[in-house]
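Fold and contact review
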Amino acid sequence: MPELRYNILNDIWVIISKERAKRPHDYPLNWEDKKKTGKENCPFEPGKEYLTPQEVFAIRDPDTKPDEPGWRVRIIPNKFPALKPEEQFFRTSEAIHDKMGGYGFHEVIIDTPDHERHINNFSIDELVLMFTAYRERMKQLYEEKNIYYVQIFKNHGKEAGKSLYHSHSQLIALPRIPKRIGTQIKQCRSYHMEKERCLLCDEINFELREGIRVVHDNDHFIVYSPFASAFPFELRVVPKEHLDDFTMVTDNMIYYLSKAVQIAVKKLDKLLKNPPFNMMLHTSPPRRNLPYDPNYFYEIDKLFHWYIEIFPRMAIHAGFELGTEFFINPTPPEEAAKYLREIKINTE
Ligand SMILES: [Zn+2]
Ligand SMILES: [Zn+2]
C-alpha cells in the first residue's frame, strides 16, 4: 500500500508508491513502445470502457450510461494509483521519521474521446469541456473529509512525463497541503497584511501597465511570462477578476480561460515546434480548520488568487537545480514574451 513519508531535513512529504513498484530494469519508461500504441490497443477509446476502472465522473451525451460510449470527458481512477481512498488517514512515526497512510485520490481525466486530438490543437469547445470537468470533479473531491488539496495537471509530450498517447490530464487529491502551495499562501498572506491588497492582482495590474512580459490578454484573462521565470518560455494564465477558488468559476469564465489557454498553447506550439510542457492549476485549498493552525484560512478568499502555469520543458534541470533550488533560465522572460507576442497563429 502507498505511504507518505516526511523528509525532515527538507520539510517535504514524499509518496512512497509500492503499487507502482519499479525495479531498476523498469527505468526508463519505454516511451517509444507506448507512443506506437494505436487506437486498437488504447484503453481510453470509446467502446473500450471495460478496460479501465469504473468512471467517477463524466460529461456525456444525453441518454448515455456510465462506462459506455457517449462521453466527451471521462474521469476514472488511475489503474496504478499513487494514493488510494481506501487507505487510512493517520500519522505515525518510526523513531525520528513521521509517516502517514497513503490516503488520497489519483485519477485520470480523459480529455477527449478522439485518439488523435491533443491540447496543442484543441478547439475552444474541447478546452471548455476539459476545464468544466476539472471544476466539477474538484468540487466533489473538496467535499471529502481528509482531502487538503487537489492538484490537477497535464503532461504534454514524453519529456514532460506523459506515459500514454491518448490525451489525458491527471489529478491527485492529497491529505496534506503541498509545500509549494503552503509557501505561496504564506507569501500572499504577508503581502496582504502589509498592503491590504492581493499579490497576484497587483502583479497582473503591473504587468498590464508594463506590457513587456505580456503575451496576450482578453476581457477576463492575462497570459504573461513571470518576472522571475524559472523555465524558458514559462507562462502564467491568470484571471483579471480576483477569485481564490477555481471551483467557483462560472461557465463564462471557463470560456474566456479556454480562449486564453488555446492562444498560449498554440503560440508555444508554433514558436517552439510542439514542445513538451506541464500545465498545472493552482487554487486555494478546501476550507477547513487545520488542527495545527486554526487561522490558516483566515481571509484566504481575499489574499489567494487561482491561476494556471505552463512550464515548457526546454531545459533539463539537473544537479545544480536539484541541489540548490536555484534555477538558471537562459531565455529572459521579456524576450520570451516578445517572441510569443509576435508569432502569428490561427484560432477558429
Ligand atoms: Zn486512444
Ligand atoms: Zn487577486
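Keep in mind that this is a model prediction, so the values were computed, not measured.

Across its full length, the protein holds 8 helices and 14 strands. For 348 residues, the compact-globule estimate of 2.2 N^0.38 gives 20 Å, and the protein sits close to it at 20 Å. For the C-alpha atoms alone, the extent of the protein along its principal axes is close to 55 × 50 × 45 Å. When burial is assessed residue by residue, the protein has 51% of its 348 residues classed as buried. Looking at the protein as shown, the accessible area adds up to about 17700 Å², and 54% of this sits on carbon and sulfur atoms.

Moving on, we get to the coordination of the zinc ion (ligand 1). For a metal with four tetrahedral donors the ideal donor-metal-donor angle is 109.5 degrees, while six octahedral donors give ideal angles of 90 or 180 degrees. Within the protein, Cys42 (SG), Glu45 (OE), His115 (ND1) and His166 (ND1) serve as the donor atoms for the zinc ion (ligand 1), at 2.0 to 2.3 Å. Around the zinc ion (ligand 1) sit 4 donor atoms; with metal-centred angles ranging over 100 to 124°, the donor geometry is tetrahedral.

Two strands in a sheet stick together by hydrogen bonds in their backbones, pointing the same way (parallel) or opposite ways (antiparallel). Pairing in this open sheet of 10 strands is antiparallel, and the strands run β3-β4-β7-β9-β8-β13-β14-β12-β11-β10 from one edge to the other. The sheet is open, and its two borders are formed by β3 (57-60) and β10 (214-217), each paired with just one other strand. The sheet shows a mean angle of 15° between the axes of neighbouring strands, taken without regard to direction. Against the sheet, helix α4 (residues 199-210) contacts β10, β11 (221-224), β12 (235-239) and β14 (307-312), and its axis sits at roughly 70° relative to β11.

In a disulfide, the sulfur atoms of two cysteines are covalently bonded to one another. Taken as a whole and judged by the stated rule, the model has 0 disulfides. We note that Cys188 lacks a disulfide partner, and the nearest cysteine sulfur, in Cys198, lies 6.2 Å from it. Look at Cys198 and you get buried, because its relative accessible area is 6%.

For the zinc ion (ligand 2), the protein coordination sphere consists of Cys198 (SG), Cys201 (SG), His242 (ND1) and His305 (ND1), at 2.0 to 2.3 Å. In the primary structure, the donors to the zinc ion (ligand 2) are separated according to the pattern C-x2-C-x40-H-x62-H. Cys201 sits in the buried class, given a relative accessible area of 17%.

On to the confidence of the model for the protein, then. Confidence in the prediction of the protein, expressed as mean pLDDT, is 91, and 93% of residues score 70 or more. Predicted confidence for residues 28-34 stays below pLDDT 50, and this span has 10 contacts to residues more than four positions away or in other chains.

Moving on, we come to the side chain of Thr247. Note on placement: Thr247 falls in the loop between β12 and α5 (251-272). Relative accessible area serves as the criterion here: at 11%, Thr247 is assigned to the buried category. Of note is the side chain of Thr247, whose polar atom sits 2.7 Å from the side chain of Asp245. If sequence neighbours within four positions are ignored, Thr247 has contacts with Arg135, Met138, Lys139 and Tyr142.

Right, let's get into helix α3 (residues 179-195). Here α3 contains 17 residues, and its C-alpha end-to-end distance of 24 Å stays within 8% of the 24 Å for a straight helix at 1.5 Å per residue. Positive backbone phi, at 60°, marks Glu196, one or two positions downstream of α3.

Next up on the list: the pattern of salt bridges. Following the criterion strictly, the structure yields 23 salt bridges and no others. As a salt-bridge pair, Arg74 and Glu55 come within 2.7 Å of each other at their nearest N and O atoms. Taken together, the residues Arg74 in strand β4 (residues 71-77) and Glu55 in the loop between α1 (31-35) and β3 connect sequence positions 19 residues apart. Per residue, the accessibility class of Arg74 equals that of Glu55, and both read buried.

What follows covers the pairing of strand β5 (residues 91-94). Note: β5 against strand β6 (residues 97-101), 4 bridges, orientation antiparallel. From the neighbouring strand, Arg91 faces β6, where its bridge partner is Met100. What sits between the antiparallel neighbours β5 and β6 is a turn of 2 residues, in which Ala95 has the positive phi angle 50°.

Quick notes on the rules
- Residues numbered from 1 in each chain as written.
- Chains lettered and ligands numbered in written order.
- Predicted model: local features only at pLDDT ≥ 70, side-chain atom pairs only at ≥ 80, totals over all residues.
- Heavy atoms only, no water.
- Helix = DSSP H or I, 4+ residues; strand = E, 2+ residues; numbered from the N terminus.
- Rg over C-alpha atoms; globule rule 2.2 N^0.38 Å.
- Buried < 20%, exposed > 50% of the residue type's maximum accessible area, 1.4 Å probe, protein only.
- Areas by Shrake-Rupley, 256 points an atom, 1.4 Å probe, with all protein chains shown as cover.
- Donors = N, O, S within 2.8 Å, 3.2 Å for Na, K, Ca; no water.
- Tetrahedral: all angles 85-135°; square planar, octahedral: opposite > 155°, others 65-115°.
- Pairing = 2+ DSSP bridges.
- Axes fitted to C-alpha atoms, helices over the stretch in contact; angles between N-to-C directions.
- Contact = heavy atoms within 4.5 Å.
- Disulfide = S-S within 2.5 Å.
- pLDDT = per-residue confidence, 0-100.
- Polar contact = N/O pair within 3.5 Å; in protein donor to acceptor, adjacent residues only side chain to side chain.
- Expected span 1.5 Å × (residues − 1).
- Salt bridge = Lys/Arg side-chain N within 4 Å of Asp/Glu carboxyl O.

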